[in-house]
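Here are the chains, one letter per residue:
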Amino acid sequence: MAGNSLVLPIVLWGRKAPTHCISTLLLMEDTSMIVTGCHDGQICLWDLSLDLEINPRALLFGHTASITCLSKASASSEKQYIVSASEGGEMCLWDVNDGRCIEFTKLACTHTGIQFYQFTVGTQREGRLLCHGHYPEILVVDATSLEVLYSLLSKISPDWISSMTIIRSNRTQEDTVVAVSVTGILKVWIITSEVSRMQDTTPVFEEESKPIYCQNCQSVSFCAFTQRSLLVVCSKYWRVFDAGDYSLLCSVPSENDQTWTGGDFVSADKVIVWTEDGQSFIYKLPASCLPASDSFRRDVGKAVENLIPPLLYSVLDRADKQLLICPPVTRFFYGHREFSYKLLIQGDSSGRLCIWSVPDTLEQQDGAKGLQTTTSISLQEAFDKLTPRPAGIIDQLSLIPNINEPLRVTASVYIPAHGRLVCGREDGSIVIVPATQTAIVQLLQGEHMLRRGWPPHRTLRGHRNKITCLLYPHQVSARYDQRYLISGGVDFSVIIWDIFSGEMKHIFCVHGGEITQLLVPPENCSARVQHCICSVASDHSVGLLSLREKKCIMLASRHLFPIQVIKWRPSDDYLVVGCSDGSVYVWQMDTGALDRCVMGITAVEILNACDEAVPAAVDSLSHPAVNLKQAMTRRSLAALKNVAHQKLQTLATNLLASEASDKGNLPKYSHNSLMVQAIKTNLTDPDIHVLFFDVEALIIQLLTEEASRPNTALTSPENLQKASGGSDKGGSFLTGKRAAVLFQQVKETIKENIKEHLLDDEDEDEELGRQRREDCDPEYHSSKSKPLTLLEYNLTMDTAKLFMSCLHAWGLNSVLDELCLDRLGMLKPHCSVSFGLLSRGGHMSLMLPGYNQPVGKPSYDGVELGRKMSVTEGLGKGTYGVSRAVTTQHLLSVISLANTLMSMTNATFIGDHMKKGPTRPPRPGTPEMTKVKAPPSISTHAAQGQIKQGWSQLAAMHCVMLPDLLGLDKFRPPLLEMLARRWQDRCLEVREAAQALLLAELRRIEQAGRKETIDAWAPYLPQYIDSVISPGVTTEAIQTGSASPDSLGTEAKVQEEEHDLVDDDIAAGEH
């Protein structure tokens, strides 16, 4: 779970598939899935059908560097765990069924290979990961916790291990690890005996060490068919050794300058080896290499030249001969389980997967013909064959006549206070558009589909070519004017825009290369620098551009290498620039003089010292994982102070973990119910937009607005009649004015309750007041009176409408569907909705478009919320058939939101309250204002009753009836432990939804299922009775404290300090 909040991502991929330059791949043992890792750090899951059809399913985000290796991490069939490692030393344990990150860690060393090893201790089956890489030993890591248990060391000439294999021999009953080091020395460790001494962390030394003179060893594989031979592939030759005494049986040099990159045994007498350019060759071994033949080992000891060479059997060539950026990755997999298979799988830099099925009986062919590819597909092909094509966030506004593809969005920034998304495009134009409205166009069907150029938007033109970065400084710090938006482009210029009037305020042309980054200096800089923004360009220069003085106050441009990191030392007035070659330049901000340039260890120390000096360094833009120290200072201090001393350590670490996980991809904990984050897998890609819906924040906003509504209704009944008539403009104007006055009073009353949640809003208002006093120029007022809003709409209700329409299981109950469309104002999706799942540490899995397409056999059904609208019976089934974790998150969200809407008056998405604002637009920065306005047109009790009944039926259907409506083959039930964890959630609505769901699920699984659950969890319970009671007492004491705010009524549902404490306390126990 991402921290404690319930956040659901929805992705708009756009037509261009993300770059996926494959660096490693893995086939799951049951052949249902292929996993690929890429050089940009993402992992892609591809579904594989029995007839070898491939369909990409999801992309996993979380690694920050190239994926070096993948390995399975569980042998039991019910758990599909894999482990991934990246160049940065990160290791991640994933559940590939739903893309959840179960565990992650970061080591100081890079792994280049991981092998999974499982053994039995008594009745318990233990899993180990044996890792090797850029360090001189083999690390043995626990497969569930990712802790390093012990290492396999070398006494004789320790060196990096280039490849290894685990030999499980039936003959000796000993499991051995055979590895070849970079210097060509073969080493053997016995690991069976280590199992008994699991707790011991003393290192294990090798049993045997023998030089076999294999330079550049690419792979070592053990023949599982005969259990007697080893294949060692080096870049210029490959060799077969006897697995008993490691004597050489045969050796084959490469011909015509080919470079081998790996190989494996296809059968007892055949091997397959593959080259750097993606070709594979199958050889038949001579009799002297086959244990079954009489002449086995006949050639041992002869000179290498005299050995009988193997015969070339057949060639597997790459299907398409296009040039590739980096060598393709080839792996061979075979299995004897339910059905035997021998598959050669290759992934290349264009994101293409090819599969060859290797037949058991190979007739010798002439080398030219070769085996044909069985299947081949790339991510882009998968995107192209979908109808409708995957939508981008503003595709409808980016169509150009005579060009098929819409303009690409190359930079984006979201302004939560106004609900606006700013998108910079490849032609240099910038579009400002209401985020919820444009998402509704892309995902849902309704009357908006008929209008051209919907939603109303504003286009800013000024750059001559592609926009590379956008920054809205006011969002990072309130000291900036909220009118200003900053953009940088490939035309070397940085432009200041006024977003209210749409005019260009200033152009800076100080750089000599395209702008790569725009940053905000930290709070404690000098007053002059505080009104600047910092721009970084590809000519290795850094500028401080003053928004107030409209000039560049400093340009640091003597760096020889590309700039990697910018740090600040405000106390010394220093700007510290780290370059890609490891050098660090220290500049004085005031004078623009270069103070010094250092390399090596001093450079590292200077960069680290900057982190200590700045409590919250704001170079977080360079990486989405926001500074942890910032997380600690933001909201956890109250909790930290109040916690009993003995819990401090665990709490602090858990707070860090949960805060970090919240911050992984979301900017600071926000009271915004919707955040839009643009992500790219590669710098050259257009933006992919992820909409993060924060369910708790949405519930709080709905209730806040509900609390502020009755006061308007109390004004006078005649007024209500007038306004609901709607034709009388005077009446509505009056209510508009009155609403503004009332809003002030309402705001005062609510302010106390919502202080914690809407803290940032209060800051904005004070800031606004100050600014108004500061500059009273008429232009400012005129721009204020026509804010960003060409279309006035209710942000909170719009967000709820978009979210509920995407989540509802359409097509299961036609009566309820009609009610949702006609009375509640929800809209049906017109294409597949790609959901995501946030898990620990900000790791995220995002469904690819079309993951609902059945792979090969129609029996496989992962249907998602999309498909042709004619196929109504298949409508909403898929979202609950993806995985148990996704089901849990979705059901919790739907039920808690439906219950919230049910408790509100007039909670429908149809009617005036959705569209029109007061006649005078509200002041920007106060989204709630749009809600307090002319009273609703639907005021009859009957209509209200129908609406409430609609929400009630919706909640009931998702809570109780889904398993029966969908059938258990298409429904993955929610996870009990995820629901149990929310039994005491800080948000009352989520808590009630979790409790109802948990009880419904326990009823559904009946007594047998409940017994199974108890048996599964029993081993984890403590043994002694008193240790159970004592923690219980403390939690109860705290819980009674937490119950009091909830009894105060709806407004008090916003969490208060003690709420936070309880919540974090419980979290500390959970993780």
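Residues numbered from 1 in each chain as written. Predicted model: local features only at pLDDT ≥ 70, side-chain atom pairs only at ≥ 80, totals over all residues. Heavy atoms only, no water.

### Comments concerning the sheet that holds strand 33 (residues 429-434)
Sheet strands pair via backbone hydrogen bonds, and the direction of the pair is either parallel or antiparallel.
Now for step 1: Taken together, the four strands give an open sheet; going across it, the order is 31-32-33-34, and neighbouring strands pair in antiparallel fashion. In this open sheet, the two edge strands, each paired with only one partner strand, are strand 31 (409-415) and strand 34 (458-461). Neighbour-to-neighbour, the strand axes of the sheet open up by a mean angle of 20°, direction not taken into account.
Now for step 2: Bridging between strand 31 and strand 32 (residues 420-425) involves six bridges; their strand directions are antiparallel. The residue bridging Ala-411 from the neighbouring strand is Gly-424, located in strand 32.
Now for step 3: Its contacts with the sheet place helix 2 (residues 435-443) against strand 31, strand 32 and strand 33, and it is angled at close to 90° to strand 33. (Pairing = 2+ DSSP bridges. Helix = DSSP H or I, 4+ residues; strand = E, 2+ residues; numbered from the N terminus. Axes fitted to C-alpha atoms, helices over the stretch in contact; angles between N-to-C directions. Contact = heavy atoms within 4.5 Å.)

### What about the UniProt feature "domain: WDR72-like alpha-solenoid" (unreviewed entry) in the protein?
Now for step 1: UniProt records the feature "domain: WDR72-like alpha-solenoid" (unreviewed entry) at residues 981-1015, using the numbering of this structure.
Now for step 2: In the segment residues 981-1015, helix accounts for 83% and strand for 0%; the C-alpha atoms at its two ends are 19 Å apart. (UniProt positions renumbered as here; feature names shortened; annotations may be inferred.)

### Considerations on the environment of Gly-37
Now for step 1: With respect to the helices and strands, the residue Gly-37 is situated in strand 3 (residues 33-38).
Now for step 2: The exposure class assigned to Gly-37 is buried, which follows from its relative accessible area of 0%.
Now for step 3: Sequence-wise, Gly-37 and Leu-60 are 23 residues apart; in three dimensions their C-alpha atoms are separated by 9.3 Å.
Now for step 4: Leave out the neighbours within four places in its chain, and Gly-37 touches His-20, Cys-21, Ile-22, Ser-23, Thr-24, Gln-42, Ile-43, Ile-67 and Leu-70. (Buried < 20%, exposed > 50% of the residue type's maximum accessible area, 1.4 Å probe, protein only.)

### A few points about the pairing of strand 32
Now for step 1: Buried residues dominate strand 32, accounting for six of its six residues.
Now for step 2: If you look at the hairpin formed by strand 31 and strand 32, you'll find four residues sitting between the two strands, and Gly-419 has a positive phi there, around 65°.
Now for step 3: As judged from the five bridges shared by strand 32 and strand 33, these two strands associate in the antiparallel manner. Among the inter-strand pairings, Leu-421 is bridged to a residue of strand 33, identified as Val-433.
Now for step 4: Hairpin remark: strand 32 followed by strand 33, antiparallel, with three residues in the connecting loop; positive phi at Gly-428, about 95°.

### So, the pattern of salt bridges
Now for step 1: Within the structure shown, the criterion is met by 28 salt bridges.
Now for step 2: In this structure, Asp-595 and Arg-596 form a salt bridge, with 2.3 Å as the shortest nitrogen-oxygen distance.
Now for step 3: Of the residues examined, Arg-596 reaches a relative accessible area of 36% and is grouped as partly exposed.
Now for step 4: One salt-bridge network, held together by shared partners, links Asp-95, Asp-98 and Arg-100. (Salt bridge = Lys/Arg side-chain N within 4 Å of Asp/Glu carboxyl O.)

### Comments concerning the pairing of strand 12 (residues 135-142)
Now for step 1: Most of strand 12 sits out of view: six of its eight residues are buried.
Now for step 2: Where strand 11 (residues 124-133) lies against strand 12, five bridges are found, and the strand directions are antiparallel. Its bridge partner lying in strand 12, Arg-128 is registered against Asp-142.
Now for step 3: Hairpin connection, strand 11 to strand 12: the antiparallel pair is bridged by one residue.
Now for step 4: Following strand 12, the chain reverses through five residues before pairing antiparallel with strand 13 (residues 148-153); Leu-146 in that reversal takes a positive phi of roughly 60°.

### Describing the packing of aromatic side chains
Now for step 1: Tallying each qualifying case throughout the model produces eight aromatic pairs.
Now for step 2: For the pair Trp-238 and Tyr-283, a centre-to-centre distance of 5.1 Å together with 50° between the ring planes defines the contact as tilted. Of this pair, Trp-238 sits in strand 21 (residues 237-242) while Tyr-283 is found in strand 25 (residues 280-284), placing the two residues 45 residues apart along the sequence.
Now for step 3: For Trp-238, a relative accessible area of 0% gives the class buried.
Now for step 4: For the pair Phe-332 and Tyr-334, a centre-to-centre distance of 6.0 Å together with 40° between the ring planes defines the contact as tilted.
Now for step 5: Here a set of aromatic residues connected by ring pairs shows up, and it is made of Trp-238, Trp-260, Phe-281 and Tyr-283. (Phe/Tyr/Trp six-rings, centres within 6.5 Å; stacked < 30°, edge-to-face > 60°.)

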